[in-house]
Amino acid sequence: MSRPDLNPVALAPGVVAFHQPPGGWFVSNAGLVVGADAALQVDTFATEPLNRRLNTAIDAYLEPGTPRTVALTHAHGDHAHGAGALAARGATILATPPAAGEVLSGPHTYDMLFSCDWGAIDPPPDVTPVTEPRTVDLGGTSAVVVPVPGPAHTHGDLVVWHEESGTLFTGDLLFLGVTPLAISGSVAGWLEALDWLETFGATTYVPGHGPVTAAAENPVAPVREYFEWLREAVASSADFAAIEHAARERWPDWPAGERHRVNARVAHAQSHGGQLDFPAGVKDLLTSAAAHGEPMTETGLIRLDL
Ligand SMILES: [Zn+2]
């Protein structure tokens, strides 16, 4: 059967990552664990057309009528906007309580930043909250949905652990080869969460953005290095544009460099005991993207409306 161009990566029997090469915004990864009786999907994509393609790709791995649970690693639209359509097909949707609340009050499309033909992305009628590690029995194998202990990429992240294959679906705790985004979370908390991630002893990491990476390649290290660098940079400076400039020089190959400036603002606010000025952070993104002449995405799905 021909499959859409979502780069399915077979990690083990019944364990698949759907990888979109990282470019700009809303270009994310998803995952699937299939057992004898049921399947667990990790995350959805951003738009109705993308989610249709993802569903077609996933259906190719499933017997018709296979019960499906969908674990949302967090509430951002590039991971959660397909939840409503899957719920309409009978899927059970799991998320942490903060993420569940955000998904149910959506969809959130941040029209001040993005202009896009999202298609039908209505939220599901309900989301099952996950407050502690929850084992999902799939028949012959199982996966564990594990809430992240504190704020990190957002205030309601979770990961999915398939111990049998050593696969850890990290959601956006890992951005690999692409600039992370901290506007919804905590820099200090994210650093703690990276240490926590390594306690699973995974052999394979499926990040929220970027390529599937073996533990031997130490994919956690560059994300840790970035946030430690950022924390140090804001200790003595609130010149976020200058910090962005230095970050772009240090990580020249990372797409979405406009995130450095707002990340610096987040790190500065948190390390100085303040609150993030969210409108100022949004302005950081717009100003930086405009200054560098970069579209907010390379996919053509989203365009920046200035
Ligand atoms: Zn995210």
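Keep in mind that this is a model prediction, so the values were computed, not measured. (Residues numbered from 1 in each chain as written. Predicted model: local features only at pLDDT ≥ 70, side-chain atom pairs only at ≥ 80, totals over all residues. Heavy atoms only, no water.)

Asks: Can you lay out the coordination of the zinc ion for me, pointing to particular residues and giving the numbers?
Replies: In this structure, His74 (NE2), His76 (ND1), His153 (NE2) and Asp172 (OD) serve as the protein donors to the zinc ion, at separations of 2.1 to 2.3 Å. The coordination sphere of the zinc ion comprises 4 donor atoms, whose angles at the metal cover 87 to 174°; the geometry is irregular. Between the donor residues of the zinc ion, the gaps in sequence give the motif H-x1-H-x76-H-x18-D. Here Asp172 lies in strand β12 (residues 167-175) and His76 lies in the loop between β5 (68-71) and α2 (77-80), a separation of 96 residues in the sequence. Each member of the pair His76 and Asp172 is classed as buried. (Donors = N, O, S within 2.8 Å, 3.2 Å for Na, K, Ca; no water. Tetrahedral: all angles 85-135°; square planar, octahedral: opposite > 155°, others 65-115°. Helix = DSSP H or I, 4+ residues; strand = E, 2+ residues; numbered from the N terminus. Buried < 20%, exposed > 50% of the residue type's maximum accessible area, 1.4 Å probe, protein only.)

Asks: Can you lay out the pattern of salt bridges for me, pointing to particular residues and giving the numbers?
Replies: It is possible for side chains of opposite charge to pair when their charged atoms get near one another. Tallied over the entire structure, the rule returns 9 salt bridges. Two residues, Glu48 and Arg52, come together in a salt bridge whose shortest N-O distance is 2.5 Å. In this pair, Glu48 and Arg52 are both assigned in helix α1 (residues 48-59), 4 residues apart and thus about one turn of the helix distant. Judged by its relative accessible area of 23%, Glu48 falls in the partly exposed class. In this structure, Arg224 engages Asp195 in a salt bridge whose closest nitrogen and oxygen atoms are separated by 2.8 Å. Of the two residues, Arg224 is situated in helix α6 (residues 220-235) and Asp195 in helix α5 (residues 187-198); the sequence distance between them amounts to 29 residues. (Salt bridge = Lys/Arg side-chain N within 4 Å of Asp/Glu carboxyl O.)

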